[in-house]
Amino acid sequence: MQLLHLDSSLLGNRSVSRIISSEIVTRLMTLHPETSLNYRDLADDPALHLSAAHFGAKRGAAAMERVLLDDLLKGNAYMDELFQADTLVIGAPMYNLSIPSPLKAWIDRVAVAGRTYCYTANGPEGLLKNKRVFIASARGAVYSAGNAAAALEHHENYLIGLLGFLGIQDVTVIRAEGIAFSAEAKAEAIAQARKNIAAITQ
Ligand SMILES: Cc1cc2nc3c(=O)[nH]c(=O)nc-3n(C[C@H](O)[C@H](O)[C@H](O)COP(=O)(O)O)c2cc1C
């Protein structure tokens, strides 16, 4: 198995999504001891926001600052790592009802027309085949279907939709939510996530 593990929490060792993502990785590596693991801490070393300068450089602009060149190379590495992987584990906290900006910056580099999706006469087509994704989701409140705040859920739905747009349908969410409600609720949510990790069988 070729595993790509991404984290994006800004909260370092207090992060819940980092606990969940690392325990998913441990579980997968126990099930598949031959796994080759690639890790990116997107919060620690984020890509720049995609900008007009990036598009200018790709169209052959002559002058390029070192910082932009390095960032373009980082984007190329993101793409290579994505293509190499057959399994992704994405640590994805909810920040302001959506995903953290370093994770969005990663998406902006790998969602590229002609590489990971294309438009056809029948509409868009995802070009990433035979990949599966585990999303390690953590959020302060509760947004699951049926809850009052469900309409504000632009976090997992966005990620699942984006992955589907790129051709990845096999997505499993391991979630700890309501962790801001109380220490007990947090412990309970993490315990539930751990049960769901233990239930991963392949
Ligand atoms: C900048 C920031 C924004 C947040 N926004 C939300 C939010 O919109 N909704 C929510 O339920 N929780 C929100 N939270 C709480 C986080 O989702 C919660 O702390 C979760 O554990 C974050 O995952 P992490 O611990 O891996 O960083 C926010 C936390 C931070 C730091």
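Please read all numbers here as calculations on a predicted model, not as lab measurements.

### Examining the pairing of strand 1 (residues 2-7)
Then comes step 1: The buried fraction of strand 1 amounts to 5 of the 6 residues, a majority that puts the element mostly inside the structure.
Then comes step 2: Bridge count between strand 1 and strand 2 (residues 36-41): 6 bridges; the pairing is parallel. Pairing of Gln2 across the sheet is with Ser36, part of strand 2.
Then comes step 3: Of the crossover connections in this fold, the one passing from strand 1 over helix 1 (residues 16-31) to the parallel strand 2 is right-handed.
Then comes step 4: Pairing analysis gives 4 bridges linking strand 1 to strand 3 (residues 87-93), with the strands arranged parallel. Across the sheet, residue Leu4 finds its bridge partner in strand 3, namely Leu88.

### Points about the site of the ligand
Then comes step 1: Around the ligand sit 16 residues in total, of which Ser9, Ser15, Ser17, Met94 and Ile179 are the nearest.
Then comes step 2: Contacts to the ligand include Met94, whose backbone N or O atom sits 2.7 Å from an oxygen atom.
Then comes step 3: Leu97 is positioned with one of its backbone polar atoms (N or O) 2.9 Å from an oxygen atom of the ligand.
Then comes step 4: Compared with its free state, where it exposes 620 Å², the ligand has 75% of that area covered by protein.
Then comes step 5: Within the residue set of the shell around the ligand, elements represented by two or more residues are helix 1 and strand 6 (132-139).
Then comes step 6: Broken down by class, the residue content of the shell around the ligand amounts to 10 nonpolar, 5 polar and 1 charged.

What counts and how
Residues numbered from 1 in each chain as written. Predicted model: local features only at pLDDT ≥ 70, side-chain atom pairs only at ≥ 80, totals over all residues. Heavy atoms only, no water. Buried < 20%, exposed > 50% of the residue type's maximum accessible area, 1.4 Å probe, protein only. Helix = DSSP H or I, 4+ residues; strand = E, 2+ residues; numbered from the N terminus. Pairing = 2+ DSSP bridges. Right-handed = clockwise from strand over helix to strand, strands pointing away. Near = heavy atom within 4 Å. Polar contact = N/O pair within 3.5 Å; in protein donor to acceptor, adjacent residues only side chain to side chain. Areas by Shrake-Rupley, 256 points an atom, 1.4 Å probe, with all protein chains shown as cover. Nonpolar A, V, L, I, M, F, W, Y, C, P; charged D, E, K, R; others polar.

Scope: geometric values only; no functional claims are made or implied.
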